[in-house]
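Now for the letters of each chain:
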Amino acid sequence: MKRICILFLSLLLYSLSYGQIASPKFQLSNSAGFGFKESRPAFYVGVSTEISKDFFLGIKGGIYGYDENRLDRIYDEINKVYSGLSAGTYIFGFSGFPVQHSTYVAALYGTYNLSNKLSLDASFGVKYYRDFRYYNFDVFFSKPSGSTVLNKSDLTIDDTYMSLLKKDILRPYYSLGVNYRIKSYSIGIFADNIISLGLNLGKEF
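Residues numbered from 1 in each chain as written. Predicted model: local features only at pLDDT ≥ 70, side-chain atom pairs only at ≥ 80, totals over all residues. Heavy atoms only, no water.

J.: Which residues make up empty space enclosed by the protein, and what values do they have?
T.: Per the stated rule, a full pass over the model turns up 2 cavities of 30 Å³ or more. Empty space within the largest cavity amounts to approximately 70 Å³. Taken together, the elements giving at least two residues each to the lining of the largest cavity come down to strand S1 (26-35), strand S6 (103-113), strand S7 (118-135) and strand S12 (196-204). Here the lining of the largest cavity takes 3 residues from S12, the largest share from any one element. Taken together, the residues of the lining of the largest cavity sort by class into 2 nonpolar, 8 polar and 1 charged. Reported here for the second largest cavity is a volume of approximately 30 Å³. Looking at the lining of the second largest cavity, the elements with two or more residues in it are strand S11 (185-192) and S12. Among the elements that line the lining of the second largest cavity, the one with the most residues is S12, at 3 residues. Along the lines of polarity and charge, the residues of the lining of the second largest cavity split into 1 nonpolar, 4 polar and 4 charged. (1 Å grid on protein atoms, 1.4 Å probe; cavity = no way out; pocket = protein on both sides within 12 Å on 5 of 7 lines; lining within 4 Å. Points joined across faces, edges and corners; volume = space filled by probe spheres on them. Helix = DSSP H or I, 4+ residues; strand = E, 2+ residues; numbered from the N terminus. Nonpolar A, V, L, I, M, F, W, Y, C, P; charged D, E, K, R; others polar.)

Shown next, in the form of C-alpha cells:
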C-alpha cells in the first residue's frame with residue numbers, strides 16, 4: 001500500500017507541475033453513494049487542479065462501509081437452511097469461512113468540461129480491503145420444533161481449534177460521473193465498480 005500511495009502522490013505532483021496555467025483553479029468534490037449488493041454507504045473526497053482550460057486532474061480517496069461481522073455471517077449461512085431442518089440439535093462445521101471488512105479507495109481523478117453547463121468526471125485506481133478467513137470451528141444450536149425462528153442468541157460457537165488467516169486484497173477501481181455546472185459549483189451522479197450509485201457535489205476555487 002505504501003508503494004501505491006507514493007505512486008499516486010507522484011502522479012499528482014507531476015500533474016501540478018505540468019499545468020500551463022499561471023494561476024490554476026482547484027476543484028474540490030464530495031461524493032456519497034450506496035452499494036446495491038450489500039446495502040451500505042460509500043463516501044469519497046476528490047481534489048484536482050486545472051491542467052488546461054477545460055481539464056482538471058487530481059486524486060480521489062474514499063471508503064465503502066461494508067464491514068461484515070462474523071456472528072452475522074454465520075447466522076445468515078445457517079438461517080438459509082434452518083427452515084428445512086427437523087426439530088433436534090445440530091452441529092455445523094466451518095472452515096475457510098470468509099468475513100470481509102471495509103473497502104478503501106485511492107484513485108486518479110479527472111474532470112473534463114464538455115460545455116459551460118456539463119462536465120464529465122472519471123476515476124481509475126485501486127480498492128483495498130482485508131479478508132479474514134476463519135478455519136476449523138463448529139456452531140451448535142437446537143431447533144425445538146419445525147415452526148421456530150432462529151435467533152443469534154441460539155448459536156454457540158466452539159472456536160477451541162479455530163485458526164485465522166488475514167489477507168490483504170487489492171482490486172482495480174473505476175468510476176464515471178456526469179455533472180451539471182452552475183457557475184463554480186457542480187452537482188451530478190456517478191457509478192462505480194463497487195456497484196454503487198450516488199451524488200457528486202463540487203466547487204471550484
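Once you've had a look at it, read on.
J.: Describe helix H2 (residues 70-82), with residues and values.
T.: Over its 13 residues, H2 runs 18 Å from end to end, which matches the ideal 18 Å to within 8%, given 1.5 Å per residue. Buried within H2 we find Arg73, Ile74, Tyr75, Ile78 and Tyr82. In this fold, the buried residues of H2 make contact with strand S4 (88-94), strand S5 (97-100), strand S8 (137-143) and strand S9 (156-158). The distance from a side-chain oxygen at the start of H2 to the backbone nitrogen of Leu71 is 2.9 Å, and the residue carrying that oxygen is Asn69. (Expected span 1.5 Å × (residues − 1). Buried < 20%, exposed > 50% of the residue type's maximum accessible area, 1.4 Å probe, protein only. Contact = heavy atoms within 4.5 Å. Polar contact = N/O pair within 3.5 Å; in protein donor to acceptor, adjacent residues only side chain to side chain.)

J.: So what about the sheet that holds S4? Which residues, and what values?
T.: One open sheet accounts for 3 strands, arranged S4-S8-S9; its pairing is antiparallel. Across the chains shown, the open sheet's two edge strands, defined by having one partner strand only, are S4 and S9. Neighbour-to-neighbour, the strand axes of the sheet open up by a mean angle of 25°, direction not taken into account. Where S8 meets S9, 3 bridges bridge the pair, whose relative direction is antiparallel. Residue pairing across strands places Phe140 opposite Thr156, the latter belonging to S9. Contacting S4, S8 and S9, H2 crosses the sheet at an angle of about 50° to S8. (Pairing = 2+ DSSP bridges. Axes fitted to C-alpha atoms, helices over the stretch in contact; angles between N-to-C directions.)

J.: Tell me about the side chain of Asn179, and please be specific about residues and values.
T.: You can see Asn179 is positioned in strand S10 (residues 163-182). Take Asn179: its relative accessible area is 4%, and that puts it in the buried class. Side-chain polar atoms of Asn179 contact the side chain of Asp121, separated by 2.7 Å. Aside from chain neighbours lying at most four places away, what touches Asn179 is Lys117, Leu118, Ser119, Asp121, Ser186, Ile187, Gly188, Ile189 and Asn200.

J.: Can you lay out the packing of aromatic side chains for me, pointing to particular residues and giving the numbers?
T.: Each aromatic ring pair is described using two quantities: the centre-to-centre distance and the angle formed by the ring planes. Summed over the entire model, instances satisfying the criterion amount to 9 aromatic pairs. With a centroid separation of 5.3 Å and an interplanar angle of 65°, the aromatic rings of Phe92 and Phe141 are classed as edge-to-face. Residue Phe92 is found in strand S4, and its partner Phe141 is found in strand S8; the two are separated by 49 residues along the sequence. The class for Phe92 is partly exposed, based on a relative accessible area of 23%. On the accessibility criterion, Phe141 (2% relative accessible area) is buried. Seen from their ring centres, Phe94 and Phe137 are 5.3 Å apart, and the 15° between their planes marks the pair as stacked. Of this pair, Phe94 sits in strand S4 while Phe137 sits in strand S8; the two residues are 43 residues apart in sequence, bridging distant segments of the chain. On the accessibility criterion, Phe137 (1% relative accessible area) is buried. (Phe/Tyr/Trp six-rings, centres within 6.5 Å; stacked < 30°, edge-to-face > 60°.)

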